[in-house]
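What follows is the residue order along each chain.
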Amino acid sequence: MDGVAYTSNNEIHTGPGGLIEGIADFVRLRSGPGHVPGWVQPGQGNRWDQGYDVTAHFLDYCNGLRKGFVAKLNKKMRTGYSDDYFVDLLGKNVDQLWKDYKAKYAN
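Residues numbered from 1 in each chain as written. Predicted model: local features only at pLDDT ≥ 70, side-chain atom pairs only at ≥ 80, totals over all residues. Heavy atoms only, no water.

Colleague: Explain the pattern of salt bridges to me, please; I cannot follow it from the model alone.
Modeller: As a working rule, side chains carrying opposite charge can pair if their charged atoms are close by. Under the definition given, this model contains four salt bridges. Two residues, Arg30 and Asp60, come together in a salt bridge whose shortest N-O distance is 3.1 Å. Highlighted residues: Arg30 in helix H1 (residues 17-31) and Asp60 in helix H2 (residues 52-65), separated in sequence by 30 residues. With a relative accessible area of 52%, Arg30 lands in the exposed category. Overall, the relative accessible area of 24% leaves Asp60 in the partly exposed class. The salt bridge partner of Lys76 is Asp88, with a shortest N-O separation of 3.7 Å. Remark: Asp88 occurs in helix H4 (residues 84-90) and Lys76 occurs in helix H3 (residues 69-76); sequence separation between them is 12 residues. Using a relative accessible area of 29% as the deciding quantity, one classes Lys76 as partly exposed. (Salt bridge = Lys/Arg side-chain N within 4 Å of Asp/Glu carboxyl O. Helix = DSSP H or I, 4+ residues; strand = E, 2+ residues; numbered from the N terminus. Buried < 20%, exposed > 50% of the residue type's maximum accessible area, 1.4 Å probe, protein only.)

Right under this line is the structure:
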C-alpha cells in the first residue's frame, strides 16, 4: 500500500501515494481561483501519479472528460485501488489518458 487517506467519516481510502496527494490538491485547485501560485502549469510533469499539483491538473483534465470523475474514483477507492478504475470510468487506461493529456498541452 502506497498511500492512505482518512475522510471525515473515518473511511479509509487506499491507492498510490501520488494519487492520494493529487486528489487532495485537485480539491484545492477546484475550490480556489484556478491556478495556485508555485504550482506547475497544466501538462507539466513526468507521471500521472507524480503527486500534488501534477496529479491535480491531470485529474482536472480527467474530470473534464466526465463530470464527477474524481468523486467517482474516490468512491471506488473505498475498497482498494486498481488502474482499471480509469477504464471503468473513462473508457481508456490511465497511460493512454496521460498521453492524451500531455498531447493536449504540448507546444
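There's more to say after this.
Colleague: Explain H1 here, please?
Modeller: One turn of an α-helix holds 3.6 residues; hence residues three or four places apart share an orientation. With 15 residues, H1 ought to run about 21 Å at 1.5 Å a step, and its terminal C-alpha atoms sit 22 Å apart, in line with that. Looking only at H1, the buried set comprises Gly17, Gly18, Leu19, Ile20, Gly22, Ile23, Asp25, Phe26 and Leu29. (Expected span 1.5 Å × (residues − 1).)

Colleague: Whenever I open this one, unusual backbone geometry confuses me. Can you help?
Modeller: Trans is the common state for peptide bonds, and a negative phi is the common state for residues other than glycine. Positive phi values are uncommon outside glycine, yet Tyr52 reaches one of about 50 degrees. Among the structural elements, Tyr52 can be located in helix H2.

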